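# Geometric and topological summary
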Amino acid sequence: MHEAGFLRSALYAALSSALVTLLAGGVPVTAAVPGSADPPKHMENLRWAGTQPLLVIEREELLRSGALSVADFLRALPMNSFGSFRPQNTGNYAELSLRGLGGARTLILIDGRRAPTSAIAGQGHDLNQIALAAVERVEILGHGASAIHGADAVAGVVNIVTRKNFTGVELSVDAGNPSREGGETEHAAVVFGTASERGSLVVGASSANRGIVFQRDRAWSRGGRSLNSNNFLNSSFSQPSGLTRNPTFGSVVPGGCDDPGFQVTGTGASARCIYDFSLIAADEVESRSSGLFARADYAINADWRSFLNASVDRSEGLAISAPAVLPGFSEFGQLLPIPVGSPNHPAVRFPSTGYDATRPYFVQHRFAAAGPREASSDNTAYALETGATGRTGVFDIDFGVRFVESKYLELGRNAIVVGNARAAVASGAYNLYDPLGNSAGVLDSITATTNREARYRAEELYANAAVDLFDLGGGAARLNLGAEHRDEQISDVYDTLTRSGQISGVFPRDSAAGARDVHAIHGQLLLPVSERFRFGLAARHDRMSDAGGESTARVNFEFEASSKLRLHASYGLGFLTPELSLQGIETTSAPGLLFFQDVIGPCVNPLGRCNVQFIDFSIANPELESEHSRHASIGLDWAPTAWLQIDLDYYNVEVKDRISLVSAVQIVSCLIGSNNPCPPGLDQFGPFGGQPRPELGLGVFGDLANGRVDAIQRGYGNLGTLDVSGADLSVATDFDLTDFGRVRNRLRLSWVHGFEDNGVEAVDQPSRPRQRAQLSNSWDLGDFSLSWYINYIHGTRSTAAIFGDGDYPARLSSWTTHDLQANWHAPWNGRFTLGIDNVADKDPVLDPYDPTGRGYDFALYDGYGRTPYFRYTQVL
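If you're wondering where the values come from, they're calculated on a predicted model, not measured in any experiment. (Residues numbered from 1 in each chain as written. Predicted model: local features only at pLDDT ≥ 70, side-chain atom pairs only at ≥ 80, totals over all residues. Heavy atoms only, no water.)

A separate point is the pairing of strand β25 (residues 533-544). Only one face of β25 is covered, namely the face carrying Arg534, Gly536, Ala538, Arg540, Asp542 and Met544; the face carrying Phe533, Phe535, Leu537, Ala539, His541 and Arg543 is uncovered. In terms of strand pairing, strand β24 (residues 512-527) meets β25 through 10 bridges, oriented antiparallel. Within β25, the position partnered with Leu525 by the bridge is Leu537. Taken together, β24 and the strand that follows it, β25, pair antiparallel across an intervening segment of five residues. Across 12 bridges, β25 lies against strand β26 (residues 548-560) in antiparallel orientation. When the sheet's bridge partners are listed, Phe535 is paired in β26 with Phe557. (Buried < 20%, exposed > 50% of the residue type's maximum accessible area, 1.4 Å probe, protein only. Helix = DSSP H or I, 4+ residues; strand = E, 2+ residues; numbered from the N terminus. Pairing = 2+ DSSP bridges.)

The structure is reproduced here in structure tokens:
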């Protein structure tokens, strides 16, 4: 279904509801207007100013959507334009990327304060660490708000408001089982609340699990065929032309291609050994999450209340990958050598069969005997906040102290140690011809357990004050002032084997640690000039110990053209500070690697060679600076009738000096003048002394004028621009059908007009859909309710078209799924819920050239298929 088809269907659904209402003689009720709920103090002034669209999603909508977690719900929203990272075999982490600008540019707040920075990603916020049981509502500010909240608010702000005003006991359990193997879900939660005249307390706990999804259980990912299995080559680099062509065995290692998962293809000199990695590898991790939260407040006297917020959230994951292979990524094509005379030399094992006993051979080997690679992760976040709110004289004040910490631990099993494996193969201790026959002692000698420990920690003090200054035509002018102090620490430590590049298939990883102090002051002036016109100014200054000072500002207005029409607009500045580990604060550099690649392009190389071999270092960049953004919006809120609410907003975001990974190719190209744009600070360092020099920044050791590259220091730099524009439409209806119940509909549509990446338009390219939409419909009649969600993602160009493969369509189709849910509220305060997600069992949009190897864009779609689920909730 294309864009027009979806909009037509959505309008038909909305008009059908209106027609039913009119025919039934129903009486319309006032449509729910976003922002009508009582806001927390941290967001109240921002909403009052009416400067930007604030989408409010109440808890009931979260439950009716059928989402297992906050992350699942937010990813399905149209504002998540191009999708976002979610738990997979490469990491048990979930982010939100508003406007396609990335998780690092989307600020997540919990009760108006910053969520912990993700320890695993080093930037952004892990939505896995927010339990659904703790959430009262979600508030989304669709555009930048750095003048209010500081860094990271370039794309927008999501505020997770936790439950505080609940009394009694609530128990809930639910389970879902997809039609396809794997991905089954279980969830349980309990919430307890009590209140008195002086105070209140809400405590809750929850647990949620999702089963692992293996590649073999999906039609689009099963049947992997890899030459990285057990083949002889004649050269030390992995190239198809180097495969051995023995007249009897071809390149196949005799006996080494007989184990489960291996298969010989071809005959004679053309025989090859292939391996089906999809039999073992998983696409999605097995994930388990649990959480505990407590919210309390107490009235000290008539003017002051104290509060305490505490939470512990834990997510665990298990990722499974195919057995390791040598060569791996870190070897850059270097194979396992089999020297002359080795017991594993094919001429020794099979004399008189055509193998040359006077020359060495090389082998590409899959260590299936060592077992699949497993990575178990444990990600835990702690938060504790206490403070007080009250009034002193004419000032409304709130202040507090907050501590947050996020810890990530990962253990990897059955990793192959490159040096040990090479030695064991060369000596014959490891038998290439009967891999499963190798003893446990031999396998233990070539394998290792790897580990990673990452941590983020922040201590924060804050204070805010608000005062009415003077009266204007529309009410009192209000000034809000605030100050913050935040100490941040981050570390990411790998084991020594991983750091030194001795683990097959893994690039050497830096161990990094950093610290940053942030001091900020901010203010906001709200001017209700008249009953119809309101004007607002906001400014903020952040000073960071490592990145210097950044000042941001925003101006906005709101004009009520009539009682039914409101216009609003805003313009502001934003910024994103570099991740701590990227700037080199107490950061160690990666070891040198022998790298072999085309530096400039295929045989067009001013250095005189197509391939240049050099030492490559990944380093932190002390010259890295903040990126800066400008954002503007204009929109309207129109309620032409009591049962209809229409919100339309246009936005534009420009990002300059973008924080980007600068490759070795870009560095050399920039230094010889053949690339644009180029990051600042690149340089030639002269002769290479054998060790990296991180203090010099990014650049080249060698003599480019004479075509010599000895080593390159690469990393992140300020490079390029983004220019993003689009519009959001929300159409909400609310009908009271008297004896026939109540019908509500809401259409949310996000349209990306342009997404220019360094001047190149990216919209409609693979993974960059122009439109996303969601139409929710609900009908309540007494104790019964029905919900119907329609989710739509527009089609894009296919990757096949970019590669010029005419055997596949040039465009990918759109994706429309339907979710249904029915509820019955029992007389004993129980609630039974039955639902089905993806009723039509729709497959994801498949793209055979998808670069992840899954066959579809994992950030945009899911492969669960039809998923029935059941939930029971009991309130005592």
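This next bit is on the pattern of salt bridges. Under the defined criterion, the tally for this structure stands at 47 salt bridges. The salt bridge involving Glu60 is made with Arg64; its shortest N-O contact spans 2.8 Å. Placement of the pair is Glu60 and Arg64 together in helix α3 (residues 59-64), with a separation of four residues, close to one helical turn. By relative accessible area, Glu60 is classed as partly exposed at 31%. (Salt bridge = Lys/Arg side-chain N within 4 Å of Asp/Glu carboxyl O.)

Per the counting criterion, the structure on display carries two disulfides. Linked covalently through their sulfurs, Cys257 and Cys273 form a disulfide whose S-S length is 2.2 Å. The S-S bond linking Cys257 to Cys273 shows a torsion near 95 degrees; that makes this disulfide right-handed. Taken together, the residues span a long stretch of sequence, with Cys257 in the loop between β11 (230-233) and β12 (262-265) and Cys273 in strand β13 (residues 272-275) at a distance of 16 residues. Like Cys257, the residue Cys273 is buried in the burial classification. (Disulfide = S-S within 2.5 Å.)

Before going further, it helps to examine the pairing of strand β42 (residues 830-837). One ladder, built from six bridges, connects strand β41 (residues 815-825) with β42; its direction is antiparallel. Each bridged residue has a counterpart across the sheet, and for Asn823 the counterpart in β42 is Thr833. Between β41 and β42, which follow one another and run antiparallel, lie four residues, and Asn829 among them has a positive phi close to 65 degrees. Relative to strand β43 (residues 867-875), β42 is paired through eight bridges, and the arrangement is antiparallel. Paired with Ile836 across the two strands is Pro868, which belongs to β43.

As a further point, take the confidence of the model for the protein. In this model, the protein carries a mean pLDDT of 84, and residues with pLDDT of at least 70 account for 87%. Of the regions scoring below 50 in pLDDT, residues 1-51 engages in 110 contacts with residues more than four places distant in sequence or in other chains. For residues 329-333, every residue scores under 50 in pLDDT, and the model assigns this stretch 23 contacts once sequence neighbours within four places are set aside. (pLDDT = per-residue confidence, 0-100. Contact = heavy atoms within 4.5 Å.)

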